[in-house]
Amino acid sequence: MSAAGEEEENAADLKIGDEFLKAKCLMNCEVSLILERKYDQLQQIVFEKSLQYVKRFSRYKNPDAVRQVRELLSGYQLAEFELCVLGNLCPETVEEAIAMVPSIKSRGRVHDDEAIEKMLNDMSLIKKFE
Amino acid sequence: MFFHIVLERNMQLHPRHFGRDLREKLVSKLMKDVEGTCSGRHGFVVAITGIENVGKGLIRDGTGFVTFPVKYQCVVFRPFKGEILEAVVTMVNKMGFFAEAGPVQIFVSNHVSFRLLKFHLLLIPDDMEFQSGDMPNYTTSDGSVKIQKDSEVRLKIIGTRVDATEIFCIGTIKDDFLGVISDPGTTS
């Protein structure tokens, strides 16, 4: 891989390479659902560690809630990567959300604080009622 | 971050496997070859979740082996510079601490000169001091925040180093909304 490409990389500005920018990103809770289905298969260390990790850091456990969160966030003009960072970290305030996903405020998208706040509220509601 | 992506690989198969279960053989070989591997470009391949397409085989001159291009879907874990994620602390020493996020190791340095990686920064907040002992840790002067083995931290990746079989990251907890999420022992 090219050294230049690596230097450019910065997730805060959504510079993660075209291939990954277009790829489907997975929240930890989604990965958990996928890996659990494969649990009986041949195990190796990368799989084991990933499964342990996503189980520990899944904000939503219930498959319905996982689907609802993706649906909700999909309505907010977010890049896949941004959507998954929000779904993984579940920031509580607008300020925190912007610190976690700085790109949310750039590129002239219509994300005023009010819209972000509503999004965070809806996320915590899903969590509350899962 | 985890991704669901489609990758392609040329699989070589010995003629003895040609038969009704050729596809099955191909898939199980693919899993054995690919799952658990790591490349700088795509990160760690965690699990293959499906086969998109098996292309036409091509006989290799002089061997009888046949090469099949196989397109498969898989879950990969690829850390990015600038990414913020949660991780579990695995080891603490006076140089800093190691944390793990799935298959990747992240080092958060407390050392002034980390020459190899050209960092001259303290990536652990200044008010946190190293305490040695049975359970080495970093603690704030008022004792309110403690980082030790098994603590959960939220950190930002500020550098990655790739070698043939591993990706290694450097992280920081010195920024807004980063740091300890939970101490081991307290409620999760």
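- In the annotation of an unreviewed UniProt entry, chain B is listed under the name DNA-directed RNA polymerase subunit and assigned to Cynara cardunculus var. scolymus.
- According to the UniProt record, the Sequence similarities (unreviewed entry) comment for chain B is "Belongs to the eukaryotic RPB7/RPC8 RNA polymerase subunit family."

- For chain A, the name recorded in an unreviewed UniProt entry is HRDC-like protein, with Cynara cardunculus var. scolymus as its organism.
- The UniProt entry for chain A carries the following comment under Sequence similarities (unreviewed entry): "Belongs to the eukaryotic RPB4 RNA polymerase subunit family."
- Under the Subcellular location (unreviewed entry) heading, UniProt states for chain A: "Nucleus".

Section: the environment of Ser151 of chain B
All names here are of chain B.
So, point 1. Positionally, Ser151 belongs in the loop between β11 (146-147) and β12 (152-163).
So, point 2. For Ser151, a relative accessible area of 0% gives the class buried.
So, point 3. Taking C-alpha positions, Ser151 is 5.8 Å from Val88, a pair spaced 63 residues apart along the chain.
So, point 4. A polar side-chain atom of Ser151 sits 2.9 Å from the main-chain carbonyl oxygen of Gln148.

Regarding the nonpolar core
Soluble, globular proteins show a tendency: their nonpolar side chains are buried together.
So, point 1. Counting residues in hydrophobic clusters, the biggest one holds 55 residues, and the most contacted among them are Tyr60, Phe81 and Met119 of chain A together with Phe3 of chain B.
So, point 2. Of all the secondary structure elements, the ones that give two or more residues to this core are α5 (63-74), α6 (80-89), α7 (94-100) and α8 (113-129) of chain A together with β1 (2-13), α1 (22-34), β3 (43-54) and β5 (66-77) of chain B.
So, point 3. Filtering out sequence-adjacent residues up to four positions away, Phe3 of chain B remains in contact with Ile16, Phe20, Ala23, Lys24, Cys25, Leu26 and Phe81 of chain A together with Cys74, Val75, Val76, Arg78 and Phe80 of chain B.
So, point 4. Ranked by size, the runner-up nonpolar core spans 44 residues in total, among them Cys38, Val92, Leu123 and Ile124 of chain B.

Side note on the pattern of salt bridges
So, point 1. Considering all chains together, one arrives at 20 salt bridges over all chains under this definition.
So, point 2. Here Glu19 of chain A makes a salt bridge to Arg41 of chain B, at a shortest N to O gap of 3.2 Å. Taken together, the positions of Glu19 of chain A in helix α2 (residues 18-22) and Arg41 of chain B in the loop between β2 (38-39) and β3 put the pair across two chains.
So, point 3. One salt bridge in this structure joins Glu30 of chain A and Arg70 of chain A, with 2.5 Å as the shortest N-O distance. Residue Glu30 of chain A is located in helix α3 (residues 28-37), and its partner Arg70 of chain A is located in helix α5; the two are separated by 40 residues in the primary sequence. We note that Glu30 of chain A, like Arg70 of chain A, is buried.
So, point 4. Salt bridges here are not isolated pairs; linked through shared partners, they connect Glu30, Arg70 and Glu80 of chain A.

A few points about the interface of chain B and chain A
So, point 1. Between chain B and chain A, the residue contacts involve 42 residues of the former and 40 residues of the latter.
So, point 2. Taken together, both faces of the contact between chain B and chain A bury some 3,600 Å²; the carbon and sulfur share is 63%.
So, point 3. We note a salt bridge from Arg59 of chain A to Glu86 of chain B, for which the minimum N-O separation is 2.6 Å.
So, point 4. One can count 16 residue pairs in polar contact (both at pLDDT 80 or more) joining chain B with chain A.
So, point 5. Elements represented by at least two residues in the side of chain B that touches chain A include exactly β1, β3, β5, β6 (84-93), β7 (96-101) and β12 of chain B.
So, point 6. With six residues, the single largest contributor to the side of chain B that touches chain A is β3 of chain B.

A look at the side chain of Asn88 of chain A
So, point 1. The topology assignment puts Asn88 of chain A in helix α6.
So, point 2. You can call Asn88 of chain A buried: its relative accessible area is 9%.
So, point 3. The residues contacting Asn88 of chain A, other than those within four sequence positions of it, are Met27, Asn28 and Arg59 of chain A together with Met1 and Glu86 of chain B.

Describing the confidence of the model for chain A
Detailed conclusions should not be drawn from predicted coordinates in areas where pLDDT is low.
Residue and element names in this part refer to chain A.
So, point 1. Counting all residues, the mean pLDDT for chain A is 89, and 89% of those residues have values of 70 or more.
So, point 2. Within chain A, strand β1 (residues 24-26) carries the highest mean pLDDT (97), whereas helix α1 (residues 3-8) carries the lowest (54).
So, point 3. Low pLDDT, under 50, characterises residues 1-5; the predicted model gives this stretch four contacts beyond four residues in sequence or across chains.

Considering the sheet that holds strand β9 (residues 128-131) of chain B
Residues and elements named next belong to chain B.
So, point 1. With respect to topology, three strands assemble into an open sheet ordered β9-β10-β11, the strand pairing being antiparallel. One side of each edge strand has no neighbouring strand; the edge strands of this open sheet are β9 and β11.
So, point 2. Across two bridges, the pairing between strand β10 (residues 137-140) and β11 is antiparallel. Residue pairing across strands places Tyr138 opposite Ile147, the latter belonging to β11.

Comments concerning helix α4 (residues 45-56) of chain A
So, point 1. The terminal C-alpha atoms of α4 of chain A, which comprises twelve residues, lie 16 Å apart, in line with the 16 Å expected from a rise of 1.5 Å per residue.
So, point 2. Of the positions making up α4 of chain A, those classed as buried are Val46, Phe47, Ser50, Leu51, Tyr53 and Val54 of chain A. One side of α4 of chain A holds all its buried residues, which, seen down the axis, span an arc of 165°. Those residues of α4 of chain A that are exposed and angled more than 90 degrees off the buried face are Ile45 and Gln52 of chain A.
So, point 3. Residues of α4 of chain A that are buried make contact with α3 of chain A together with β1, β3, β6 and β7 of chain B.
So, point 4. The opening residue of α4 of chain A, the one whose side-chain oxygen lies 3.1 Å from the backbone nitrogen of Val46 of chain A, is Gln44 of chain A.

About the criteria used
Throughout this description, residue numbers start from 1 for each chain and increase along the sequence as written. Each chain takes a letter, starting from A, and each ligand takes a number, starting from 1, following the order in which they are written. The predicted origin of the model limits local features to residues at a pLDDT of at least 70 and limits the giving and counting of side-chain atom pairs to 80 or more, whereas totals for whole chains, interfaces and linings rest on all residues. Derived side-chain values reflect all non-hydrogen atoms in the structure, with water molecules and hydrogen atoms excluded from consideration. UniProt positions are given in the numbering used here, feature names are shortened, and annotations may be inferred rather than shown by experiment. Under the scheme used here, helices are H or I runs from DSSP no shorter than 4 residues and strands are E runs no shorter than 2 residues, and both carry numbers assigned from the N terminus. Relative accessibility under 20% of the residue-type maximum defines a buried residue, over 50% an exposed one, and the middle range a partly exposed one, all with a 1.4 Å probe and only protein chains included. Side-chain atoms alone can form a polar contact between residues adjacent in sequence; in general such a contact is a pair of N or O atoms within 3.5 Å, and within protein one must be able to donate a hydrogen while the other accepts it. Each nonpolar core is a collection of buried residues, namely Ala, Val, Leu, Ile, Met, Phe, Trp, Tyr and Cys, held together in the definition by side-chain atoms within 4.5 Å. Pairs of residues are marked as contacts when any of their non-hydrogen atoms sit within 4.5 Å. Every case where a carboxyl oxygen of Asp or Glu lies within 4 Å of a side-chain nitrogen of Lys or Arg is listed as a salt bridge. The buried area of a pairing is the accessible area, by a 1.4 Å probe, that goes missing from both parts when the two are put together, added over both. pLDDT measures the predictor's confidence residue by residue and takes values from 0 up to 100. Pairing between two strands requires that DSSP report at least two bridges joining them. Between the first and last residue of a helix there are one fewer steps than residues, each counted as 1.5 Å, and that sum is the expected span. Throughout, the arc means the angular range of directions from the helix axis out to the C-beta atoms.

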